[in-house]
Amino acid sequence: MRRFNQFPDGHGPKVAAIGGGHGLAVTLRALRRVTDNITAVVGVSDDGGSSGRLRHEFGVLPPGDLRMALSALCGDDTWGRTWSRVVQHRFSGQGDLRGHSLGNLLIMSLWEETGDVVAGLDWVAALLGAQGRVLPVSTDPLEIVAHVRFGDTISQVHGQVAVATSPGDVQEIHVNPENPPACPEAVEAIMEADVIMLGPGSWYTSVIAPLLVPDLRAAIHRSPAKLVLIQNLMPQPDETENFTPQHHLEVLMEQVPGLEIDTVIADPVSVRNPAEFRQACADIGSRLLLQSVSSTSGRKGGTHDPDLLAAALSETTGRGSISTWR
């Protein structure tokens, strides 16, 4: 497939992409094809694996989703491809390093050397040649707390991993601390953005949770940027089991009321009733763009394809260029 590249000369709108995990990473890979003015605003609630171990041992922000965003922003040249693989490398063996990612340890090292979360991430980005900036949503590590229905009982479930794998029905989530400080640089990036991107990703823990930081949410409401939502290709096992596209949208609007979403991007394969979903989007003042963005379009499941997603991002204006989004 020919690689989509709308802005070969390095031009493009300022985009702030909010989220975490693999969903944010694929959005960043797509955005690299259409602009070099990218800021990733990354959730900091992960409490599993290497990130969880480092978070609990050192009291730092969980670095894993930040690392994935940095890796996704690496260039397509030899340097970029090499470092993208290196920072994702995970140690094997039976010792203390088992399961740790080299990128997590690199980020930790720069945080200790600089004594500053943002400066440390900027140094890692410079080393990798990242085509954009990576910032945390908050300067404090967050804990996700969910109200989950188990039959006739509603219980509290604590922690991102526990919420994401809970067999019950998540009713709502909030974060601890209740009023965490937003990263000032992230707020600034949102206020200066031409476009704000949400999704795809684990709906509660990656898409919604970062929006529960009050100052960041307020910045989204105040920002003149257009807000674009990328719909998941399929429900997430456990977390959003059996969710329809409409249900995803309803939950987002219930948890973060007042969002003014300009465009919703969805793959036709994931929308069983296009007319119904189009009306659901219209009801909140959004327009629906149905376009093939899946790497396995026509089959159940799949992942977002960066080239197809880049083309869809360009099409959201109806004029083939996201540079006119503002």
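Placed above this text is the structure.
Residues numbered from 1 in each chain as written. Predicted model: local features only at pLDDT ≥ 70, side-chain atom pairs only at ≥ 80, totals over all residues. Heavy atoms only, no water.

1. Things to note about unusual backbone geometry
Inference 1: The linkage connecting asparagine 176 with the following residue, proline 177, adopts the cis geometry, with an omega of -5°.
Inference 2: Residue position: proline 177 is located in the loop between strand E6 (169-176) and helix H8 (184-192).
Inference 3: With an omega of -5°, the peptide bond between glycine 199 and proline 200 qualifies as cis.
Inference 4: Relative to the helices and strands, proline 200 resides in the loop between strand E7 (195-198) and helix H9 (203-208).
Inference 5: At asparagine 242, a residue that is not glycine, the phi angle is positive and equals roughly 70°.
Inference 6: Structurally, the position occupied by asparagine 242 is in the loop between strand E8 (226-230) and helix H11 (245-255).
Inference 7: A relative accessible area of 67% means that asparagine 242 is categorised as exposed. (Helix = DSSP H or I, 4+ residues; strand = E, 2+ residues; numbered from the N terminus. Buried < 20%, exposed > 50% of the residue type's maximum accessible area, 1.4 Å probe, protein only.)

2. Digging into the side chain of threonine 39
Inference 1: Turning to its location among the elements, threonine 39 is positioned in strand E2 (residues 38-42).
Inference 2: Residues within four places of threonine 39 in sequence aside, it is in contact with Val15, Ala16, Ala17, Arg133, Leu135 and Ala189. (Contact = heavy atoms within 4.5 Å.)

3. Some words on the packing of helix H1 (residues 21-31) against helix H3 (residues 64-72)
Inference 1: Look at H1 against H3: their axes get within 8 Å of each other, and the N-to-C directions meet at 20°. Judged by the inter-axis angle, H1 sits roughly parallel to H3. Crossing angle aside, the handedness with which H1 passes H3 is right-handed. Counted together, Gly21, His22, Leu24, Ala25, Leu28 and Arg29 of H1 and Asp65, Met68, Ala69 and Ala72 of H3 form the full contact between these two elements.
Inference 2: Considered class by class, the residues forming the contact of H1 with H3 number six nonpolar, two polar and two charged. (Axes fitted to C-alpha atoms, helices over the stretch in contact; angles between N-to-C directions. Parallel < 35°, antiparallel > 145°, perpendicular 65-115°, else oblique. Left-handed = near helix turned anticlockwise from the far one by under 90°. Nonpolar A, V, L, I, M, F, W, Y, C, P; charged D, E, K, R; others polar.)

Distances and angles like these do not, on their own, reveal function.
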